[in-house]
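The residues making up each chain are set out below.
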Amino acid sequence: MSEHAALIAPAAAEFAGILRGIGDAELTALTPCAEYDVRALLNHLLYWGPWLEAAGRKAPPPEPATGEAEADLVGADWLDAAERQTARLVDVFGTPGAWQGMTALSTTELPASIVGDMVLGEFVFHGWDLARAIGRTVDVAPEAAEAVYESAVAMGEQARSMKVYGEEVTVAEGATKFERALGATGRNPAWAH
């Protein structure tokens, strides 16, 4: 899966563009992620980013002071923090070495390629979530759509059991690969608020 390293920077650039389009008034907008408004989804991304970065570096994970639900990471400088975190993830996962061997995410040991695909999925799927919440579209390259689709299908059952994905959504016949990927993660490609 180390060939997916080349997909990280373009996906991150699209993701960063969406972040820059979020205004203060939109922080309370609903997202396709049922438990998250825009602020809570940004908080989720800022909370887990350091864990993903550490896994990519094959370094010890951070020791958080609180859990995600108690963390309040979306302050006045959230955009700068999110852009810096995105850049660090690109630095790590944009190199094939981060995708090789084994690593740990929190206390779970797993193939580094799975963590790499999680990072790609964070940029692509959560980028779509945020874009939909603020009424924008997202441009997903065909190669990235294929990669996140394969990952979503491979991780689907386990991700659903862990409540990371919702129940699979049936998509229209003739749906694009990305729409099929969205459905595999429990997202409705036609979602709008």
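Below is a short write-up of the structure. (Residues numbered from 1 in each chain as written. Predicted model: local features only at pLDDT ≥ 70, side-chain atom pairs only at ≥ 80, totals over all residues. Heavy atoms only, no water.)

### Details of the pattern of salt bridges
For the structure on display, the rule yields six salt bridges. Measuring nitrogen to oxygen at the nearest pair gives 2.6 Å for the salt bridge that ties E83 to R20. Here E83 is found in helix 3 (residues 78–93), whereas its partner R20 is found in helix 1 (residues 5–20), with 63 residues between them in sequence. In this structure E83 comes out as partly exposed when scored by relative accessible area, which is 25%. R84 serves as the salt-bridge partner of D80, at 2.9 Å between the closest nitrogen and oxygen. (Salt bridge = Lys/Arg side-chain N within 4 Å of Asp/Glu carboxyl O. Helix = DSSP H or I, 4+ residues; strand = E, 2+ residues; numbered from the N terminus. Buried < 20%, exposed > 50% of the residue type's maximum accessible area, 1.4 Å probe, protein only.)

### Some details on the packing of aromatic side chains
All told, the structure shown has six aromatic pairs when counted by the stated rule. Ring plane angle 50 degrees and centroid distance 5.2 Å describe the contact between W48 and W51, whose orientation is recorded as tilted. With W48 and W51 both in helix 2 (residues 38–57) and three residues apart, this pair spans about one turn of that helix. Connected via pairs of aromatic rings, a cluster forms that spans Y47, W48 and W51. (Phe/Tyr/Trp six-rings, centres within 6.5 Å; stacked < 30°, edge-to-face > 60°.)

### With respect to unusual backbone geometry
Even without glycine at this site, K58 takes up a positive phi of about 55 degrees. Along the polypeptide, K58 turns up in the loop between helix 2 and helix 3. K58 sits in the partly exposed class, given a relative accessible area of 39%.

### With respect to the nonpolar core
Considering soluble globular proteins, one finds that nonpolar side chains tend to be buried as a cluster. Counting 59 residues, the largest nonpolar core has I22, L42, W78, F93, L130 and F178 as its most contacted members. Of all the secondary structure elements, the ones that give two or more residues to this core are helix 1, helix 2, helix 3, helix 4 (112–133), helix 5 (142–161) and helix 6 (177–184). When residues of this core are assigned to their parent elements, the largest contribution, 10 residues, is made by helix 4. If sequence neighbours within four positions are ignored, F178 has contacts with V124, F125, W128, V138, V140, A145 and V148. (Core = buried A, V, L, I, M, F, W, Y, C linked by side-chain atoms within 4.5 Å. Contact = heavy atoms within 4.5 Å.)

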